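The primary structure of each chain is shown beneath.
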Amino acid sequence: MCYKTSTPNKDQLEGYFNKQEESQRYLIKESFAPYFHADGFLRPFLPFTANEDENSVSLARWKLLPYIVKNEEEASKYANTLNARCEDVFDKFSYRHYIGKTHGLLWVNGFFEPHRPNPKISVPYFIHAIDSLPFTLGCIYANWVNKDTGEIIRTFSIITTPPNKLLSEIHTEGQRMPLIILPEERKTWLHATNKDEIIGLMKPLPDGYLAGYQVSNIINKERGLNTADTLNRISQ
């Protein structure tokens, strides 16, 4: 689940920060266009805050690559690390080196999940904050070194948790949701190193913060389609 997100552009994110208290503002270090529909399997670069640079936003690439991956050819074939399940993130090789050290925040306007009223039908829904403002997903990251070129690329996985009531009704097949970090918990998540503290933070978001609506099935048919139309509400 959560292989598709929607992210703000630089101006949208700056507008959001300008309305926050000083302690909730971040310096945007790079310009970036919006992703109305960011498909994780295309490994896009998205707006990200890393705990080693906790007061800023820069671009990171979706799909965590651990140190054993040597180059882009291996990276394209490496296991699906777009998401990391909270239940086994301390145990799986791809994640266990990073969960206690490198925490990050992915800035999004929302994310897409499939609703399956029956096994033959998949209906995409867009999940967003009730106030329609940007919010953050809890992630872990690795500063991956391409051994062919020496280039260092920040790569990340989104942590997932069991669903809250809303997501259990929408995402009926997978029964998961991304870890959503509320504004008052962002600094805590970025700096958490104790295992018990980290586990305590990896919990479903309480109901009342999110809403969802049906969107066009075209995002399931055209991978990487990035137009504003992908967010249009479908009348039910």
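Residues numbered from 1 in each chain as written. Predicted model: local features only at pLDDT ≥ 70, side-chain atom pairs only at ≥ 80, totals over all residues. Heavy atoms only, no water.

**Student:** For this particular structure, what's the right way to read the overall build of the protein?
**Tutor:** Helix and strand counts for the protein stand at seven helices and 14 strands. Taken over C-alpha atoms, the radius of gyration comes to 17 Å for the protein, in line with the 18 Å a tight globule of 236 residues would show. Dimensions along the principal axes, computed over C-alpha positions, put the protein at roughly 50 × 45 × 35 Å. Of all 236 residues assigned to the protein, the portion counted as buried reaches 51%. (Helix = DSSP H or I, 4+ residues; strand = E, 2+ residues; numbered from the N terminus. Rg over C-alpha atoms; globule rule 2.2 N^0.38 Å. Buried < 20%, exposed > 50% of the residue type's maximum accessible area, 1.4 Å probe, protein only.)

**Student:** I keep staring at the sheet that holds strand S9 (residues 121–129) and nothing clicks. Help me out?
**Tutor:** Two modes of strand pairing occur in sheets, parallel and antiparallel, and in both the strands are linked by backbone hydrogen bonds. Ordered by their spatial adjacency, five strands build an open sheet running S3-S1-S8-S9-S14, and the pairing between neighbours is antiparallel. Two strands in the sheet have a free side with no partner beyond their single neighbour: strand S3 (35–39) and strand S14 (210–214). Each adjacent strand pair in this sheet contributes to an overall mean axis angle of 35 degrees, direction not counted. Here seven bridges tie strand S8 (residues 110–118) to S9, and the two strands are oriented antiparallel to one another. Residue Gly110 lies in a different strand from S9, and its bridge partner there is His128. (Pairing = 2+ DSSP bridges. Axes fitted to C-alpha atoms, helices over the stretch in contact; angles between N-to-C directions.)

**Student:** So what exactly am I meant to see when it comes to the pattern of salt bridges here?
**Tutor:** Oppositely charged side chains can pair when the atoms bearing their charge come close. Throughout the structure, instances matching the rule amount to 14 salt bridges. Between Asp53 and Lys29 there is a salt bridge; the shortest N-O distance is 2.8 Å. Note that Asp53 is positioned in the loop between strand S4 (45–50) and strand S5 (56–62) and Lys29 in the loop between strand S2 (27–28) and S3, a separation of 24 residues in sequence. Note that Asp39 is salt-bridged to Arg223, the shortest N-O span being 3.2 Å. On the criterion of sequence distance, the pair formed by Asp39 in strand S3 and Arg223 in the segment after helix H7 (218–221) is long-range, its members being 184 residues apart. Within the structure, one salt-bridge network assembled from shared partners comprises Lys4, Asp39 and Arg223. (Salt bridge = Lys/Arg side-chain N within 4 Å of Asp/Glu carboxyl O.)

**Student:** For this particular structure, what's the right way to read the state of the cysteines?
**Tutor:** Cysteine pairs can be covalently joined through their sulfur atoms, and such a bond is termed a disulfide. Per the stated rule, a full pass over the model turns up zero disulfides. Free of any disulfide, Cys86 has its nearest neighbouring cysteine sulfur in Cys139, separated by 14 Å. A relative accessible area of 13% means that Cys86 is categorised as buried. (Disulfide = S-S within 2.5 Å.)

**Student:** Explain the side chain of Gln24 to me, please; I cannot follow it from the model alone.
**Tutor:** Checked against the element boundaries, Gln24 lands in the loop between helix H1 (10–18) and S2. Excluding its chain neighbours within four sequence positions, the residues that come into contact with Gln24 are Phe17, Pro183 and Arg186. (Contact = heavy atoms within 4.5 Å.)

**Student:** In this structure, what is going on with H1? I would like to understand it.
**Tutor:** The α-helix advances 3.6 residues per turn, and as a result positions three or four apart in sequence lie on the same side. Along H1, the residues classified as buried are Leu13, Tyr16 and Phe17. Viewed along the axis of H1, the buried residues span an arc of 100 degrees, placing them on a single side of the element. Opposite the buried face of H1, by more than 90 degrees, sit the exposed residues Asp11 and Asn18. The opening residue of H1, the one whose side-chain oxygen lies 3.2 Å from the backbone nitrogen of Asp11, is Asn9. (Arc of directions from axis to C-beta. Polar contact = N/O pair within 3.5 Å; in protein donor to acceptor, adjacent residues only side chain to side chain.)

**Student:** Just checking my understanding: could you explain the environment of Leu201 for this structure?
**Tutor:** Looking at the element boundaries, Leu201 is found in helix H6 (residues 195–201). Spatially, the C-alpha atom of Leu201 lies 8.5 Å from that of Glu185, the residues being 16 residues apart in sequence. With near-sequence residues (within four places) excluded, Leu201 lies in contact with Leu179, Glu185, Thr188, Trp189 and Ala192.

**Student:** Before we go on, may I ask you to explain the nonpolar core in this structure?
**Tutor:** As a rule of thumb, nonpolar side chains are buried together in soluble globular proteins. The biggest cluster of nonpolar side chains holds 29 residues, and the ones touching the most others in it are Leu106, Phe156 and Leu210. Listing elements by their share of this core, those giving two or more residues are S4, S5, strand S7 (103–108), S9, strand S10 (135–145), strand S11 (152–161) and helix H4 (165–170). Not counting residues within four places of it along the chain, the set of residues in contact with Leu210 comprises Phe111, Ile127, His128, Ala129, Ile130, Phe135, Leu166, Leu167, Met177, Ile180 and Leu205. In this structure, Leu13, Phe17, Val89 and Tyr98 belong to the second largest nonpolar core, which totals 27 residues. (Core = buried A, V, L, I, M, F, W, Y, C linked by side-chain atoms within 4.5 Å.)

**Student:** Before we go on, may I ask you to explain the environment of Pro34 in this structure?
**Tutor:** Relative to the elements of secondary structure, Pro34 occurs in the loop between S2 and S3. Through-space distance from the C-alpha of Pro34 to that of Thr7 is 5.7 Å; in sequence the pair is 27 residues apart.

**Student:** Is there a simple way to think about the pairing of S10 in this case?
**Tutor:** Each regular strand shows side chains that alternate between the opposite faces of the sheet. S10 sits mainly inside the fold: nine of its eleven residues count as buried. The pairing of S7 with S10 spans six bridges and is classified as antiparallel. Among the inter-strand pairings, Leu106 is bridged to a residue of S10, identified as Leu137. Across two bridges, the pairing between S10 and strand S13 (residues 180–181) is antiparallel. Note that in S13 the partner of Leu137 across the bridge is Ile180. Relative to S11, S10 runs antiparallel, the two sharing seven bridges. Counted as the bridge partner of Ile140 is Ser157 from S11. If you look at the hairpin formed by S10 and S11, you'll find six residues sitting between the two strands, and Gly150 has a positive phi there, around 85 degrees.

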